[in-house]
Amino acid sequence: MISKIMLNKKSVKQSNNLATSELDGSRHQDFEALKEEYEDFPTDPTKGTFTLSNLYPYIFDTLAYVCTYLHNKRFTLSDGVHDVIERRNDVSETHFRTVLRFETFILNGLGKYAKDYKDDFKSQVFKFVGNPLKKKVIRLPNNRIYYTDPIRIDLISMARAEEFGLKEFTAEEKNKEAAQLTNISRSPGSQIEFVAIEYFKPLFESLITPNGSGTTGRCYFIIPEAFQAKIRHNVGLLKEKNIVDQLDSLDTIDMLTAMEARRLFLYLNLHCNGMGNYINIDVVECARSCFRTCLKTAFNGNDYVSIKNHAKIIKKIELAIYLYENMNKNGEMLGVKFLPVKLNQYKTNRQNFSIRVRYL
């Protein structure tokens, strides 16, 4: 219920559609009709199945911030007033467009950990621009499937920014920019002032849609701002403190990664209906969404989780629960609806287990 969702200044909205796509690890085989109608359609578009969680999570945290806090903001250029989120009312456009200062773009995605991960985030952006994603298959709820490029990024240099009316620069700044802007595929020496990013509307539009309570947002849940940076920092702390050795049930665990911890929290939110104290989990589905290295495929094409990997998943979830609780104690889970507190296993059924949650 929207009325029960409390947005904190250190939290952002996460679209259900975006989370569903981020966790989708399946491959799609239903493009026969398109291939029959369009002879130039790719022979096997399933090779481009889009897996958001393996790609640039900082960018999506930035866009979550934009859609949560900047959705109604405007700015003035020489040619008039512009929305921060452009194209929202243009039905002919498939993507929103936002232009931000490069430093603002980085800060919105990393929050208080901007200093720690700034270079990494910049490197991701430069790699993205230098080698952009090809069109991918995106599956949304209700089996809606799209074949598109979900993200497009352009970097705007000082000279181009002034040409577009974004900013005026001094002669000294222009000379410095001319000397430094040598190769945008490398972070050192690049003087980038603005980022123009286009993002696929169905993944984000629910966050800026008016709702019945007089605010904005439908079909979303709350996650901490700069979520990936916070998780990465706290996973690093667990490694430093050797927490694994302190938890008896985790003595042989493969260390939980930041991406696995992120996926699991998104997965639990998509499966929590807010009506009970337990979230029931299908092991294979959970592995497919959150722990893909633990998933195997049988000769008949069906996915399964081996006994060994089942034990790994249990240990990873237990460590993730410990991680979330520590983040909460440090004030880094503000605004979330619940925290997982305990994993319950079914002794007679390895295909399912449940996680007890505590509502905040």
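Section: the sheet that holds strand β10 (residues 278–282)
Taking strand neighbours across the sheet as the criterion, the three strands line up as β10-β14-β13 in an open arrangement whose pairing is antiparallel. At either margin of the open sheet sits one strand with a lone partner, and together these are β10 and β13 (338–345). Across the sheet, the axes of successive neighbouring strands diverge by a mean angle of 30°, strand direction being ignored. Note: β10 against strand β14 (residues 352–359), five bridges, orientation antiparallel. Counterpart to Y278 in the pairing with β14 is R356.

What about the packing of aromatic side chains?
Enumeration according to the criterion identifies twelve aromatic pairs in this entry. With centroids separated by 5.3 Å and ring planes inclined at 50°, the aromatic side chains of Y58 and F121 adopt a geometry described as tilted. With Y58 in helix α3 (residues 57–69) and F121 in helix α5 (residues 114–130), this pair connects stretches of sequence that are 63 residues apart. Judged on exposure class, the residue Y58 and its partner F121 are both buried. Between the aromatic rings of F96 and Y199, the centroid separation amounts to 5.7 Å while the plane-to-plane angle is 50°, which identifies the pairing as tilted. One end of the pair, F96, is in strand β4 (residues 95–101); the other, Y199, is in strand β8 (residues 192–200), and 103 residues separate them in sequence. Accessibility assignment for this pair places F96 and Y199 in one class, buried. Three or more aromatic residues joined by ring pairs form one cluster here, namely F227, F265, Y324, F338 and Y359. The ring of Y220 carries the charged tip of K13 above its face, separated from the ring centre by 5.2 Å.

Details of the environment of K296
In this fold, K296 is placed in strand β11 (residues 296–297). C-alpha of K296 to C-alpha of V284: the two residues are twelve residues apart in sequence and 9.3 Å apart in space. Every residue in contact with K296, bar those within four places of it in the chain, is listed here: N302, D303, Y304, S306 and N309.

What about the pairing of β14?
Each regular strand shows side chains that alternate between the opposite faces of the sheet. With seven bridges connecting them, β13 and β14 associate as antiparallel partners. For L339, the partnering residue across the bridge sits in β14 and is R358.

Structural notes on the environment of F338
Locating F338 in the fold gives a position in strand β13. Residue classification places F338 among the buried residues on the basis of a relative accessible area of 0%. For the pair F338 and C272, spaced 66 residues apart in sequence, the C-alpha to C-alpha distance is 9.1 Å.

Focus: the nonpolar core
Formed by 46 residues in total, the largest nonpolar core has its most connected members in L264, F291, I313, I317, L323 and Y324. Here the element with the most residues in this core is helix α13 (residues 307–329); it accounts for nine residues. Apart from residues no more than four positions distant in its own chain, I317 is found in contact with L264, F291, L343, F353 and I355. F105, I197, I222 and A226 belong to the second-largest nonpolar core, a separate cluster that totals 44 residues.

Overview of the pattern of salt bridges
Oppositely charged side chains are able to pair whenever their charged atoms sit close together. Per the counting criterion, the structure on display carries 16 salt bridges. D83 is paired through a salt bridge with R74; the nearest N and O atoms lie 2.9 Å apart. Overall, the relative accessible area of 56% leaves R74 in the exposed class. When the shortest N-O distance is used, the salt bridge between R87 and E198 registers 2.7 Å. Of the two residues, R87 is situated in the loop between β3 (80–83) and β4 and E198 in strand β8; the sequence distance between them amounts to 111 residues.

Looking at the sheet that holds β8
One open sheet accounts for three strands, arranged β4-β8-β7; its pairing is antiparallel. Looking at the sheet topology across the chains shown, the edges are occupied by β4 and β7 (151–157). Taking each pair of neighbouring strands and ignoring which way they run, the sheet shows an average axis angle of 15°. Pairing of β4 with β8 involves seven bridges; the strand directions are antiparallel. What sits directly across from T98, in β8, is I197. Against the sheet, α3 engages β4, β7 and β8, with an angle of about 85° to β8. Each of β7 and β8 touches α5; the most contacted strand, β7, lies at about 105° to it.

What counts and how
- Sequence order as written defines residue numbering, which begins from 1 separately in each chain.
- Side-chain atom pairs in this predicted model are given and counted only at pLDDT of 80 or more, local residue features only at pLDDT of at least 70, and totals for whole chains, interfaces and linings cover all residues.
- Hydrogens and waters are ignored; side-chain quantities use all the structure's heavy atoms.
- Two strands qualify as a pair provided DSSP detects at least 2 bridges between them.
- Segments assigned H or I by DSSP are reported as helices when at least four residues long, segments assigned E as strands when at least two residues long, and all are numbered from the N terminus.
- Here an angle of 0 to 180 degrees is reported between the N-to-C directions of two axes, which are lines fitted to C-alpha atoms, with helices fitted over the stretch in contact.
- Ring geometry is summarised as follows: Phe, Tyr and Trp rings, the Trp one being its six-membered ring, pair when their centres sit within 6.5 Å, and such pairs are stacked at plane angles under 30 degrees, edge-to-face over 60 and tilted between the two.
- Accessible area is worked out with a 1.4 Å probe on protein chains only. A residue is then buried under 20% of its type maximum, exposed over 50%, and partly exposed in between.
- Our definition puts a charge over a ring when NZ of Lys or CZ of Arg is within 6 Å of the ring centre and also within 35 degrees of the ring normal.
- Any two residues whose heavy atoms approach within 4.5 Å are treated as being in contact.
- Throughout, nonpolar core names a set of buried Ala, Val, Leu, Ile, Met, Phe, Trp, Tyr and Cys residues whose side chains join them through atoms within 4.5 Å.
- Here, a salt bridge means any Lys or Arg side-chain nitrogen found within 4 Å of an Asp or Glu carboxyl oxygen.

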